[in-house]
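# Secondary and tertiary structure notes
Here's the letter readout for the chains.
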Amino acid sequence: MTTESAAAAARATVYGYPRQGRNRELKKAIEGYWKGRVTADALKETARDLRRTNWQQLAEAGIHEVPTGDFSYYDHVLDTTVMVGAIPARHRAAVEADALDGFFAMARGNQDVAPLEMTKWFDTNYHYLVPELGPDTVFTADSTKQVAELREALALGLTARPVLVGPVTYLLLAKPAPGVAADFDPLTLLDRLLPVYAEVLADLRAAGAEWVQLDEPALVQDRTPAELNAAERAYRDLGALTDRSKLLVASYFDRLGEALPILAKAPVEGLALDFTEAAAANLDALAAVGGLPGKRLVAGVVNGRNIWINDLEKSLATLGTLLGLADRVDVAASCSLLHVPLDASAERDIEPQILRWLAFAKQKTAELVTLAKGLAGGTGIITAELAANRADLASRAASPITHDKAVRARAAAVTDTDGRRSKPYTARAEAQRAHLGLPLLPTTTIGSFPQTTELRTARADLRTGRIDTAGYEERIKTEIQEVISFQEKTGIDVLVHGEPERNDMVQYFAEQLTGYLATQHGWVQSYGTRYVRPPVLAGDISRPEPMTVRWTSYTQSLTSKPVKGMLTGPVTMLAWSFVRDDQPLGDTARQVALALRDEVNDLEAAGTSVIQVDEPALRETLPLRAADHPAYLDWATESFRLSTSGVRDETQIHTHMCYAEFGDIVQAIDDLDADVISLEAARSHMQVARELAAHGYPREAGPGVYDIHSPRVPSTEEAAALLRTGLEAIPAERLWVNPDCGLKTRGWTETRASLENLVTAARTVRSELPES
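Let us look at the structure shown here. Along each chain, numbering runs from 1 in the same order as the chain's sequence is written. Local features in a predicted model are, by the rule used here, given only for residues with pLDDT of at least 70; side-chain atom pairs are given and counted only at 80 or more, and totals for whole chains, interfaces and linings are based on all residues. For the side-chain quantities, the full set of heavy atoms in the structure was used; hydrogens and water were omitted.

### Here we look at the overall build of the protein chain
Segments assigned H or I by DSSP are reported as helices when at least four residues long, segments assigned E as strands when at least two residues long, and all are numbered from the N terminus. Helix and strand content of the protein chain: 29 helices and 20 strands. Throughout, the radius of gyration refers to the C-alpha atoms, and the reference size of a globule is 2.2 Å times the residue count to the power 0.38. A compact globule built from 772 residues would reach a C-alpha radius of gyration of about 28 Å, and the protein chain, at 26 Å, matches this within 12%. When a residue's accessible area, from a 1.4 Å probe over protein chains only, is under 20% of the maximum for its type it is buried; when over 50% it is exposed; and in between it is partly exposed. By residue count, 62% of the 772 residues in the protein chain fall in the buried class. Whether two residues are in contact is decided by their heavy atoms, any of which lying within 4.5 Å being enough. Relative to all contacts within the protein chain whose residues are 6 or more apart in sequence, the contacts with residues 24 or more apart total 80%. To be clear on the numbers: accessible area is Shrake-Rupley with a 1.4 Å probe, and residue cover counts the displayed protein chains and nothing else. Total accessible area computed for the protein chain in this model is approximately 28,200 Å², and 51% of it derives from carbon and sulfur atoms.

### Remarks on the pattern of salt bridges
The salt bridge criterion pairs a side-chain nitrogen of Lys or Arg with a carboxyl oxygen of Asp or Glu, the two atoms within 4 Å. This model, assessed by the stated rule, comprises 59 salt bridges. Across the pair Glu474 and Lys477 runs a salt bridge whose closest N-O atoms are separated by 4.0 Å. Here the residue Glu474 and the residue Lys477 both occupy positions in helix H20 (residues 469–490), the gap between them amounting to three residues, near one helical turn. Taking the relative accessible area as the measure of exposure, Glu474 reaches 47% and is therefore partly exposed. Note that Arg683 is salt-bridged to Asp707, the shortest N-O span being 2.6 Å. Placement of Arg683 in the loop between strand S19 (676–679) and helix H27 (687–695) and of Asp707 in the loop between strand S20 (700–703) and helix H28 (716–727) is noted, with a sequence separation of 24 residues between them. Note on accessibility: Arg683 and Asp707 belong to one class, buried. What you see here is one network of salt bridges that share partners, running through Arg396, Arg408, Asp540, Arg580, Asp581 and Asp582.

### Some words on the pairing of strand S15 (residues 536–542)
Within S15, six of the seven residues are buried, leaving the element largely enclosed by the surrounding structure. Where strand S12 (residues 514–517) and S15 come together, three bridges link them in antiparallel fashion. Across the sheet, the residue bridging to Thr514 is Ser542, located in S15. By the convention used here, strands pair only if DSSP detects at least 2 bridges between them.

### Quick notes on the packing of helix H19 (residues 453–464) against H20
When two helices pack together, their arrangement is given by the angle between the helix axes and by the axis-to-axis distance. Angles run from 0 to 180 degrees between N-to-C directions of axes, and those axes are lines fitted to C-alpha atoms, restricted for helices to the stretch in contact. The interhelical angle for the contact between H19 and H20, taken along N-to-C directions, is 165 degrees, at an axis separation of 10 Å. One finds that H19 runs roughly antiparallel with respect to H20. As for how H19 packs across H20, the hand of that crossing is left-handed. Residues Glu454, Leu455, Ala458, Arg459 and Leu462 of H19 form the contact with H20, whose participating residues are Thr469, Tyr472, Arg475, Ile476 and Glu479. Orientation labels follow simple angle bins: below 35 degrees gives roughly parallel, above 145 gives roughly antiparallel, 65 to 115 gives roughly perpendicular, and whatever is left gives oblique. The handedness criterion is simple: a crossing whose near helix is rotated anticlockwise from the far helix by less than a right angle is left-handed, and one whose near helix is rotated clockwise is right-handed.

### Observations concerning the environment of Asp628
Looking at the secondary structure, you find Asp628 in the loop between strand S17 (610–614) and helix H25 (629–644). Using a relative accessible area of 28% as the deciding quantity, one classes Asp628 as partly exposed. For Asp628, the contacting residues outside a window of four places in its chain are Asp254, Arg255 and Pro623. Two N or O atoms form a polar contact when they lie within 3.5 Å of each other; inside protein one atom must be a possible hydrogen donor and the other a possible acceptor, and for residues adjacent in sequence the pair counts only when both atoms belong to side chains. Within the structure, the side chain of Asp628 is placed 3.2 Å from the side chain of Arg255, a separation counted as a polar contact.

### Considerations on the packing of aromatic side chains
Stacked, tilted and edge-to-face are the three classes assigned to paired rings of Phe, Tyr and Trp, where Trp is represented by its six-membered ring and a pair needs centres within 6.5 Å; plane angles under 30 degrees give stacked, over 60 edge-to-face, the rest tilted. Considering all chains together, one arrives at 17 aromatic pairs under this definition. Ring centres of Tyr252 and Phe253 lie 4.8 Å apart, and the angle between their planes is 85 degrees; this geometry places the pair in the edge-to-face category. Here the aromatic rings of Phe486 and Trp748 are separated by 5.5 Å at their centres, their planes lie at 85 degrees, and the arrangement is edge-to-face. Taken as a pair, Phe486 in helix H20 and Trp748 in helix H29 (residues 748–768) lie far apart in primary sequence, 262 residues in all. For the pair Phe486 and Trp748, a shared accessibility class is recorded, and that class is buried. Linked through ring pairs, Tyr33, Trp34, Phe71, Tyr73, Tyr74, Phe103 and Phe104 together constitute an aromatic cluster. For a lysine, the NZ atom is tested; for an arginine, the CZ atom; a charge sits over a ring if that atom is within 6 Å of the ring centre and within 35 degrees of the ring normal. A cation sits over an aromatic face here: Arg51 above Phe71, 4.9 Å from the ring centre. Against the face of Trp34 rests Arg108, its NZ or CZ located 3.6 Å from the ring centre.

In structure tokens form, the structure reads like this:
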């Protein structure tokens, strides 16, 4: 095909779309089902309505080929586990008794069975359920969901493309099942898995699929020769199938690197590549391998992970370069739009000019359609759109929001000394133990306590004026009193105030910092039915006044035990926001760190002896390629130290991380120089404790013994067993006892029982320790 005909064929598509609905209808239906208020049939009907609405909106916007199969009640990787029949033995009875309840048992667990492990989806804030595999795993095809959703879309008269997690990525995301040797490599199951994918592909073809998309984002990471060989074999075999639809292999989040020539030569009909800034190297690499003659290229030129408007002229230039490299070039976002909110036009509290800088999923589809028109018909048919886009980009670049001279001068004046504690950990630890007087195996929680309906109602009533500030604050005080009373009665050693006044661990601070914008409807799925509203980090950051000192000081007045001050760290403030893309991330992190440094120092001055600065996103934001790690970890760890290094030796600095793979950043955890770190460990059976020990981590740590992302109440014996495992790696004088994460999403009944068991377990194991 000539360049002209490739351009004329250009169309717009997407890889996936937000699942929740305009008013989070899916979340409400699923949680209603869990509570017995919504029937299974009603839940399924809600899901069908949401899928239909999404597809019709996409088609009406001009998206030529809508995705199917990307919808999920909880997680698309868990859907893949069901599709290939890799149900863990402990969940089989539940699945056989009721497929929907069994699905949720794998996702959340219940009092009888533990759920699958959950961790971050590459370097995003989305969480997936980790497949558990072993040498005895038997795969069986179950394409029911994928076929049904394809048929729903086709029945609406739409062109539809099923989207599946590819077989190589599925196996690379998996872990050895419990009881399987830790060195078992799930990728050895590839030859067993490929016939199952072949069966699913045959079913989709029979159902009417012209194209099927197989997502292989794991191939943008550093891969061994054996893993690359597996990818080559997988697509050689799948490409050789005669009973299949056309195959589009998709990658995203970074450059494809060594896997690009393998996939370019594979007997598949198309590739989907990311061409946004993070993966710009794909352009030269694609040219270097001779392009994709005779194949379809889906070009991800609109950022699917952030909310800033696209530079249409820049994207058109990239697309124009790509025209000579493939038989057909289509236009897409860089990844599924699952990672952005649904519709910016729903926002009413953002200044109209600033709102024009933002593009949520609906706006991004309009950008894709505009780009496809411009590519196919020339820029003359989109003159008005290009002019408006230029004006909006110029408005943002010139805005005083994005440039605060005082903030920039302070950041430029930072020295290396500003990011270092005055004494090493050993000296600080001695001062802290004398000051705090804590027992061995001290108990604490991560920060938040259950956010009850009453608390959420009180915040809503304050916003709408149904109660005044004084009435709201009395409600908060009452909640704090109840939380402190419970912790003291239970016997917890270091207390928290429970964060009843906080809507979200990032949003709460963003609303009090200059340079941030808050949305009202910018919901994004984090996991399952957990949705967050990431704030928009739009400009230079500063802290006008203290943010947490008042409530922390009030809480400390209620107890003689130490109360932790609770802050969110600079990396997480960036990672869980839609961060500005017009300056290096390290520059933005330093600005946030300086604002938090002021808060840390004010907490200490007010008498707070334990201050926790949470960095759960430190691992999540780690670049996918090892070559990019050092630069990131340098500014990430510096920003944390800059936040926390202005305090006295006896002030104990804590941090917290959860639901990520920590083994490859243990040195960075060490470089944070926090006195105590708490980490997720319950689902991963204390793996992180062993990783810390192998590294020789010299400070205090609290690997979690209570999995808060499940409704299960862990028994005293279960918590004690985990604690004893932790002691095999970390000595008692440096081991803390705590849950995996905050308790915001849990109910009070399970929280009380779980924490009581946790404290009892700590006392039991403490009594087993040899006397010093």
